[in-house]
Amino acid sequence: MNENIAFLELKYGNIYGGYPNFYAIAEASLLVFETHSKRVFLESWNNTIDINIVSVSSKVNELGNTIGKLREVINLRTGRVNQYDEAFQLGEQDLDREFAKLRNTKMWLQKFFMKNMRKYQFRDLITFDGNRDLFLCEKARVDFRNYNIVDMQKEITAETNYLFSLNKLAKVINFNFDHTSLRSNNLQYRLHPIAAKQIKPGAAAYDAVRLLMVHQEFREFHDDFLMKGALLLNKIEMMKKD
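Residues numbered from 1 in each chain as written. Predicted model: local features only at pLDDT ≥ 70, side-chain atom pairs only at ≥ 80, totals over all residues. Heavy atoms only, no water.

Draft legend 1. Layout of the overall build of the protein chain. Helix and strand counts for the protein chain come out as eight helices and 11 strands. In terms of overall dimensions, the protein chain is globule-like: its C-alpha atoms have a radius of gyration of 19 Å, near the 18 Å expected for 242 residues. Its C-alpha atoms give the protein chain principal-axis dimensions of roughly 55 × 55 × 35 Å. Total accessible area on the protein chain is roughly 13,600 Å²; 48% of this is exposed by carbon and sulfur atoms. Here the protein chain contributes 34 positive and 30 negative side-chain charges, whose respective centroids are spaced 4 Å apart. (Helix = DSSP H or I, 4+ residues; strand = E, 2+ residues; numbered from the N terminus. Rg over C-alpha atoms; globule rule 2.2 N^0.38 Å. Areas by Shrake-Rupley, 256 points an atom, 1.4 Å probe, with all protein chains shown as cover. Lys, Arg positive; Asp, Glu negative; His and termini not counted. Charge placed at Lys NZ, Arg CZ, Asp CG, Glu CD.)

Quick look at the structure:
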């Protein structure tokens with residue numbers, strides 16, 4: 001019986017100076033977890049087109065609570081980071097050239113997913129607040145119709161009546177990692193060096209491994225998970241009162 005579970009994470013942003021409702025995918029990560037062997041497989045795709053996108057990330061405190069948003073301009077080819085200017089706009093011809101650069105992205109993304117969906121043969125696909133991730137993949141003609149898709153944020157919200165971010169949940173489970181393993185309150189999984197090299201804070205792969213550990217703690221140590229989640233929320237409330 002196939003017991004592989006997959007975890008999907010994307011990184012994306014608007015073209016700098018372009019339309020706010022058009023997203024260019026910067027990274028895709030597909031993590032596959034073998035439940036019988038506890039092995040972690042991590043596949044990543046990086047967009048290396050010479051294009052600038054707006055990256056939006058959360059500034060968090062020591063409890064994982066969001067205290068602000070950081071907007072930066074990142075060139076996908078070089079990785080160079082520049083300051084974001086809200087007033088900057090591209091002209092129509094320049095914007096058309098940027099769209100043309102992205103023309104093959106859908107094909108590359110479709111090939112990435114098709115190859116790995118055949119390779120690992122999973123049925124359960126886990127996301128976190130994943131509606132936009134799924135939408136962007138489906139626009140690239142990635143077919144998820146035969147998969148059981150679970151949104152972990154929705155499941156946890158239904159039980160806790162609180163909208164946890166992945167940053168907060170990483171604090172709940174005490175997530176950490178190094179070049180050999182992933183660790184949380186009750187679990188530890190070994191990492192292959194090839195997988196470990198992909199895991200960098202802010203990357204799609206980093207969110208994918210955090211999501212794996214949140215999922216496993218929630219499934220296997222449910223009561224402990226809920227208790228530690230409540231403790232974190234109490235600490236956040238106490239901090240607000242100080």
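Okay, back to it.
Draft legend 2. Main features of the nonpolar core. Within the largest apolar cluster, 39 residues are counted, with the highest numbers of intra-cluster contacts made by Leu31, Leu182 and Leu212. Listed by contribution, the elements that provide at least two residues to this core are β1 (4–15), β2 (23–34), β3 (39–46), α4 (152–160), α5 (166–172), α6 (193–196), α7 (204–220) and α8 (222–241). Not counting chain neighbours up to four residues away, the residues in contact with Leu182 comprise Val40, Phe175, Asn176, Phe177, Leu187, Gln188, Tyr189, Leu191, Ile199, Val209, Leu212 and Met213. In terms of nonpolar packing, the next biggest core, distinct from the first, is built from 22 residues, Ala28, Phe112, Phe122 and Leu134 among them. (Core = buried A, V, L, I, M, F, W, Y, C linked by side-chain atoms within 4.5 Å. Buried < 20%, exposed > 50% of the residue type's maximum accessible area, 1.4 Å probe, protein only. Contact = heavy atoms within 4.5 Å.)

Draft legend 3. Main features of the sheet that holds strand β11 (residues 188–190). Spatially, the three strands line up as an open sheet ordered β9-β10-β11, and their pairing is antiparallel. Two strands lie at the open edges of the sheet, namely β9 (176–177) and β11, each paired on one side alone. Here β9 pairs with strand β10 (residues 181–183) via two bridges, running antiparallel. Residue pairing across strands places Asn176 opposite Arg183, the latter belonging to β10. (Pairing = 2+ DSSP bridges.)

Draft legend 4. Main features of the pattern of salt bridges. Evaluation of the coordinates by the stated rule reveals 11 salt bridges. Asp143 serves as the salt-bridge partner of Arg145, at 2.8 Å between the closest nitrogen and oxygen. For Asp224, the salt bridge identified is with Lys228, shortest N-O distance 2.5 Å. With a gap of four residues between them, Asp224 and Lys228 both fall in helix α8, about one helical turn apart. (Salt bridge = Lys/Arg side-chain N within 4 Å of Asp/Glu carboxyl O.)

Draft legend 5. Layout of the packing of α7 against α8. Here α7 crosses α8 at 115 degrees, and the two axes come no closer than 5 Å. Judged by the angle between their axes, α7 and α8 are roughly perpendicular. Counting all contacts with α7, which are made through Val214, Glu217, Phe218 and Glu220, the residues of α8 involved are His222, Asp224, Phe225 and Leu226. The residue makeup of the contact of α7 with α8, split by class, is four nonpolar, one polar and three charged. (Axes fitted to C-alpha atoms, helices over the stretch in contact; angles between N-to-C directions. Parallel < 35°, antiparallel > 145°, perpendicular 65-115°, else oblique. Nonpolar A, V, L, I, M, F, W, Y, C, P; charged D, E, K, R; others polar.)

Draft legend 6. Summary view of unusual backbone geometry. Not every positive phi belongs to a glycine, and Gln121 is a case in point at roughly 55 degrees. Accessibility expressed as a relative area gives 46% for Gln121, which makes it partly exposed. Phi is positive for Arg141, close to 65 degrees, though the residue is something other than glycine. Residue placement: Arg141 occurs in the loop between α3 (131–139) and β8 (148–151).

Draft legend 7. Inspection of the packing of aromatic side chains at higher detail. For the coordinates displayed, the defined rule picks out 16 aromatic pairs. Plain terms: the ring middles of Phe33 and Tyr189 are 4.9 Å apart, the flat faces sit at 50 degrees to each other, and that makes the pair tilted. Of the two residues, Phe33 is situated in strand β2 and Tyr189 in strand β11; the sequence distance between them amounts to 156 residues. For Phe33, a relative accessible area of 0% corresponds to the buried category. Its relative accessible area of 4% is what places Tyr189 among the buried residues. (Phe/Tyr/Trp six-rings, centres within 6.5 Å; stacked < 30°, edge-to-face > 60°.)

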